[in-house]
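Here's the letter readout for the chains.
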Amino acid sequence: MAAVEHEVASWPQVRLNPMFGMTAIYRGKTIFGLVPKTRGFRSATSLWIKFPNLTPSIKKKLAATRRILPPSKPTGAQWHTLPDVAVKDYQFVIEWMAIAHGASK
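Residues numbered from 1 in each chain as written. Predicted model: local features only at pLDDT ≥ 70, side-chain atom pairs only at ≥ 80, totals over all residues. Heavy atoms only, no water.

Draft legend 1. Layout of the packing of helix α2 (residues 56-63) against helix α3 (residues 90-103). Look at α2 against α3: their axes get within 12 Å of each other, and the N-to-C directions meet at 160 degrees. With respect to α3, the element α2 is oriented roughly antiparallel. Here α2 runs over α3; the crossing is left-handed. Contact residues: Ile58, Lys61 and Leu62 in α2; Glu95, Trp96, Ile99 and Ala103 in α3. (Axes fitted to C-alpha atoms, helices over the stretch in contact; angles between N-to-C directions. Helix = DSSP H or I, 4+ residues; strand = E, 2+ residues; numbered from the N terminus. Parallel < 35°, antiparallel > 145°, perpendicular 65-115°, else oblique. Left-handed = near helix turned anticlockwise from the far one by under 90°. Contact = heavy atoms within 4.5 Å.)

Dropping the structure here:
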């Protein structure tokens, strides 16, 4: 997870903040990711992505990706879960973080 934090920290307008045992990833004032540090919600190897602007193309891509779990509730914060992330998933995670980063304009 440290490699993901290191990569996204280099992106434009990104800042990392500690939050409840996790690292919150922001673009400006908009949060778009959570990476576990000392605790997690579903597991210590899951991370979360939020799409502030869920466009039709992002919805279509999400629908085609079984690996990403939809929000548990249709209202409120729309956090998508990437469960059981391993080192081999680095490129997949970075791709989705980049999509969330772009949607956070």
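Draft legend 2. Broad picture of the packing of aromatic side chains. Counted under the stated rule, the structure contains 1 aromatic pair. With a centroid separation of 6.0 Å and 80 degrees between ring planes, the pair formed by Phe51 and Trp96 is classed as edge-to-face. Residue Phe51 is found in the loop between β4 (47-50) and α2, and its partner Trp96 is found in helix α3; the two are separated by 45 residues along the sequence. When sorted by exposure, Phe51 lands in the same class as Trp96, which is buried. Across the ring face of Tyr26, the terminal group of Arg15 is positioned such that the distance to the ring centre comes to 4.2 Å. Across from the ring centre of Trp96, 5.7 Å away, lies the NZ or CZ of Lys61, which sits over that ring. (Phe/Tyr/Trp six-rings, centres within 6.5 Å; stacked < 30°, edge-to-face > 60°. Buried < 20%, exposed > 50% of the residue type's maximum accessible area, 1.4 Å probe, protein only. Lys NZ or Arg CZ within 6 Å of the ring centre and 35° of its normal.)

Draft legend 3. Fine view of the pattern of salt bridges. Taken as a whole, this structure holds 4 salt bridges when the rule is applied. Residues Lys61 and Glu95 are paired through a salt bridge, measuring 2.8 Å at the closest nitrogen-oxygen approach. Of this pair, Lys61 sits in helix α2 while Glu95 is found in helix α3, placing the two residues 34 residues apart along the sequence. The salt bridge involving Lys88 is made with Asp89; its shortest N-O contact spans 3.4 Å. (Salt bridge = Lys/Arg side-chain N within 4 Å of Asp/Glu carboxyl O.)

Draft legend 4. Unusual backbone geometry, seen in detail. Of note in this structure, Phe20 is not a glycine but carries a positive phi near 55 degrees. Overall, the relative accessible area of 63% leaves Phe20 in the exposed class. Phi is positive for Asp84, close to 50 degrees, though the residue is something other than glycine. Note on placement: Asp84 falls in the loop between β5 (79-82) and α3. Classification of Asp84 as exposed rests on a relative accessible area of 52%.

Draft legend 5. Quick peek at helix α1 (residues 2-9). Buried residues of α1: Val4, Glu5 and Val8, and no others. Around the axis of α1, the buried residues are gathered within 100 degrees of arc, so they sit on the same side. Across α1 from its buried face, at more than 90 degrees, point the exposed residues Ala2 and His6. In the core, the buried residues of α1 are packed alongside β1 (14-19), β2 (22-27), β3 (30-36) and α3. (Arc of directions from axis to C-beta.)

By themselves, these figures tell us nothing about what the structure is for.
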